[in-house]
Amino acid sequence: MKYAEFFPGQVIEAGPYHVTEAEVVQFATAYDPQWFHTDPDAAAQGPFGGLIASGWQTCGIAMRLVADAALAGSESFASPGLAYLKWKHPVRPGDTLRARALVLETRRSGSQPHLGILRWRWQLFNQTDTEVLDLEATSLFDLNRT
């Protein structure tokens, strides 16, 4: 989507994304090697009753879904960060996730008029509509880029 296509109140849906045990273990082994992400046997005896995905992997899945649904082909080039990030419930192998992005604000930069600023809320839900991720991001768009 192009920056001009975004508007406050707009809802963008994306997904599904199926989470596998192999990818949970692979991601965690590389980036978040805690036992409840990497060791199915130990995780089964832990507080979550089984293996769970790293929150950082959950963020990556959200990024993939939103990038495919809204940022592909856009003028997006960076983000200055997040206002907040909440991992509401664990993501487990076998979950099927979907994303919902709500556009909160679009505006032009006062000091750099070629810069479009998009503030939006991303949520991920699993197959039972349980919210697993909630964040508010700001995305930057270079409106001189075609």
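Residues numbered from 1 in each chain as written. Predicted model: local features only at pLDDT ≥ 70, side-chain atom pairs only at ≥ 80, totals over all residues. Heavy atoms only, no water.

(A) How the structure looks around the packing of aromatic side chains. One pass over the full model with this rule turns up 8 aromatic pairs. The interplanar angle of 50 degrees and the centroid separation of 5.3 Å between the aromatic rings of Tyr3 and Phe141 together place this pair among those described as tilted. In this pair, Tyr3 is assigned in the segment before strand E1 (11-18) and Phe141 in strand E5 (residues 131-142), connecting sequence segments 138 residues apart. Seen in terms of ring centroids, Trp56 and Trp87 are 5.0 Å apart; in terms of plane orientation they differ by 85 degrees. Their pairing is edge-to-face. Of this pair, Trp56 sits in helix H4 (residues 55-71) while Trp87 sits in strand E2 (residues 76-87), placing them 31 residues apart in sequence. Among the residues examined, Trp56 registers a relative accessible area of 52% and is labelled exposed. Since its relative accessible area comes to 40%, Trp87 is described here as partly exposed. Through a chain of ring-to-ring contacts, three or more aromatic side chains come together here, namely Tyr3, Phe6, Trp120, Trp122 and Phe141. Over the aromatic face of Tyr84 sits the side chain of Lys86, whose NZ or CZ is 5.3 Å from the ring centroid. (Phe/Tyr/Trp six-rings, centres within 6.5 Å; stacked < 30°, edge-to-face > 60°. Helix = DSSP H or I, 4+ residues; strand = E, 2+ residues; numbered from the N terminus. Buried < 20%, exposed > 50% of the residue type's maximum accessible area, 1.4 Å probe, protein only. Lys NZ or Arg CZ within 6 Å of the ring centre and 35° of its normal.)

(B) Expanded view of the layout of surface pockets. Here the largest pocket is characterised by a volume of approximately 190 Å³. Cys59, Met63, Leu71, Ser76, Ala78, Ser79, Leu82, Trp122, Leu135, Ala137, Thr138 and Ser139 are the residues that line the largest pocket. Those elements giving two or more residues to the lining of the largest pocket turn out to be H4, E2 and E5. Roughly 150 Å³ of volume is contained in the second largest pocket. Residue lining of the second largest pocket: His37, Phe48, Ile52, Ala53, Ser54, Gly55, Thr58, Trp87, His89, Pro90, Val91 and Val132, and that is the complete set. In terms of residue class, the lining of the second largest pocket is made up of 7 nonpolar, 5 polar and no charged. (1 Å grid on protein atoms, 1.4 Å probe; cavity = no way out; pocket = protein on both sides within 12 Å on 5 of 7 lines; lining within 4 Å. Points joined across faces, edges and corners; volume = space filled by probe spheres on them. Nonpolar A, V, L, I, M, F, W, Y, C, P; charged D, E, K, R; others polar.)

(C) Geometry of the side chain of Glu136. Within the fold, Glu136 resides in strand E5. Classification of Glu136 as buried rests on a relative accessible area of 14%. Apart from the residues within four sequence positions on either side, Glu136 is in contact with Gly81, Leu82, Ala83, Tyr84, Leu104, Arg119, Trp120 and Arg121. (Contact = heavy atoms within 4.5 Å.)

(D) Region of the structure containing the sheet that holds E1. The 5 strands lie next to each other as E1-E3-E4-E5-E2, forming an open sheet whose pairing is antiparallel. What marks the edges here is a single partner per strand, and that holds for E1 and E2. The average undirected angle you get between the axes of adjacent strands in this sheet is 20 degrees. Across the sheet, H4 lies against E1, E2, strand E3 (96-108), strand E4 (115-125) and E5, angled at about 125 degrees from E4, the strand it touches most. (Pairing = 2+ DSSP bridges. Axes fitted to C-alpha atoms, helices over the stretch in contact; angles between N-to-C directions.)

(E) Local environment of H4. The set of residues buried in H4 consists of Gly55, Gln57, Thr58, Cys59, Ile61, Ala62, Leu65, Val66, Ala70 and Leu71. Here the buried face of H4 lies against E1, helix H1 (21-31), E2, E3, E4 and E5.

(F) Seen up close, the pattern of salt bridges. Under the criterion given, the structure shown has 9 salt bridges. As a salt-bridge pair, Arg64 and Asp68 come within 2.8 Å of each other at their nearest N and O atoms. Within this pair, Arg64 and its partner Asp68 are both found in helix H4, separated by 4 residues, close to a single helical turn. Residue Arg64 is classed as partly exposed on the basis of its relative accessible area of 49%. According to the relative accessible area criterion, Asp68 is partly exposed, its value standing at 48%. The salt bridge involving Glu105 is made with Arg119; its shortest N-O contact spans 3.1 Å. In this pair, Glu105 sits in strand E3 while Arg119 sits in strand E4, placing the two residues 14 residues apart along the sequence. (Salt bridge = Lys/Arg side-chain N within 4 Å of Asp/Glu carboxyl O.)

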